[in-house]
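In case you want the letters, here they are:
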Amino acid sequence: MHKNIGLVWIKDDFRLKKNLALIEATKNHNQVVAFYLFKKKKFQNQEAQKWWVGKSLDEFEKKLSTLNINLEIIQTDTYKFFFENLFNKNNFSIYWNRTYEPDYLEFDKYLSKNFKTKNIYFKIFKGNILNEFNEVKKNDGSPFKVFTPFWRSAERLYLQKIPSVEKKISKR
């Protein structure tokens with residue numbers, strides 16, 4: 001068990017079950033803090049989405065509090081600005097689930113490089129998907145071009161990875 005704080009970047013993944021980042025943080029740290037970065041510009045002309053995120057965060061915060069995990073909602077102009085300030089801190093580890101949008105994937109590379117440089121422990125987990133996009137390939141390593149063989153292979157791979165016991169978030 002690490003003595004430092006375990007941070008979990010929530011993004012838009014409000015799951016408690018099978019949330020690998022939360023599970024890992026609670027397994028490894030006595031104190032866990034989840035945080036959501038709220039970018040005003042993201043919701044500038046999207047009132048319904050802003051309402052949904054607000055209500056989802058309220059419910060998620062209630063569920064996390066039963067596990068003794070604080071949820072911090074941090075308003076920022078850019079993710080980069082927030083993390084550049086975080087790089088200057090120490091005594092924490094950070095976890096998050098991957099988001100499969102090109103900008104997020106590129107930002108994950110940026111964060112990985114900087115956390116390695118600063119010698120800060122971090123771990124990125126598979127998002128809410130069955131298989132990573134690069135896991136399902138033909139025997140020769142090339143991508144599938146026909147759906148049915150792809151699906152058979154993806155299903156077989158997924159079934160092989162199902163753990164015998166579901167991992168759970170540890171209560172703090």
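Model, not experiment: these values are computed from the prediction. (Residues numbered from 1 in each chain as written. Predicted model: local features only at pLDDT ≥ 70, side-chain atom pairs only at ≥ 80, totals over all residues. Heavy atoms only, no water.)

A look at the packing of aromatic side chains
Next up, step 1: Scanning the model with the defined rule gives 26 aromatic pairs in all.
Next up, step 2: Centroid distance tyrosine 79 to phenylalanine 107: 6.2 Å. Interplanar angle 45 degrees. Geometry classified as tilted. Of the two residues, tyrosine 79 is situated in helix H3 (residues 79–86) and phenylalanine 107 in helix H4 (residues 102–117); the sequence distance between them amounts to 28 residues. With respect to class, tyrosine 79 is no different from phenylalanine 107; both count as buried.
Next up, step 3: A connected cluster of aromatic rings, assembled from ring pairs, spans Trp9, Phe35, Tyr79, Phe82, Phe83, Phe87, Trp96, Tyr104, Phe107, Tyr110, Phe115 and Phe122.
Next up, step 4: Sitting over the face of the ring of tryptophan 9, lysine 11 holds its NZ or CZ atom 4.6 Å from the ring centroid.
Next up, step 5: Over the ring of tyrosine 79 we find lysine 39, and its NZ or CZ is 4.3 Å from the ring centre. (Phe/Tyr/Trp six-rings, centres within 6.5 Å; stacked < 30°, edge-to-face > 60°. Helix = DSSP H or I, 4+ residues; strand = E, 2+ residues; numbered from the N terminus. Buried < 20%, exposed > 50% of the residue type's maximum accessible area, 1.4 Å probe, protein only. Lys NZ or Arg CZ within 6 Å of the ring centre and 35° of its normal.)

Considerations on helix H1 (residues 20–28)
Next up, step 1: Counting buried positions along H1 yields 7 of 9 residues, so the element is predominantly enclosed.
Next up, step 2: Every buried residue of H1 is listed here: Ala21, Leu22, Ile23, Glu24, Ala25, Thr26 and Asn28.
Next up, step 3: Elements in contact with the buried residues of H1: strand E1 (5–9), strand E2 (32–38), helix H2 (47–65), strand E4 (92–97) and strand E5 (122–125). (Contact = heavy atoms within 4.5 Å.)

Structural measurements only, silent on function.
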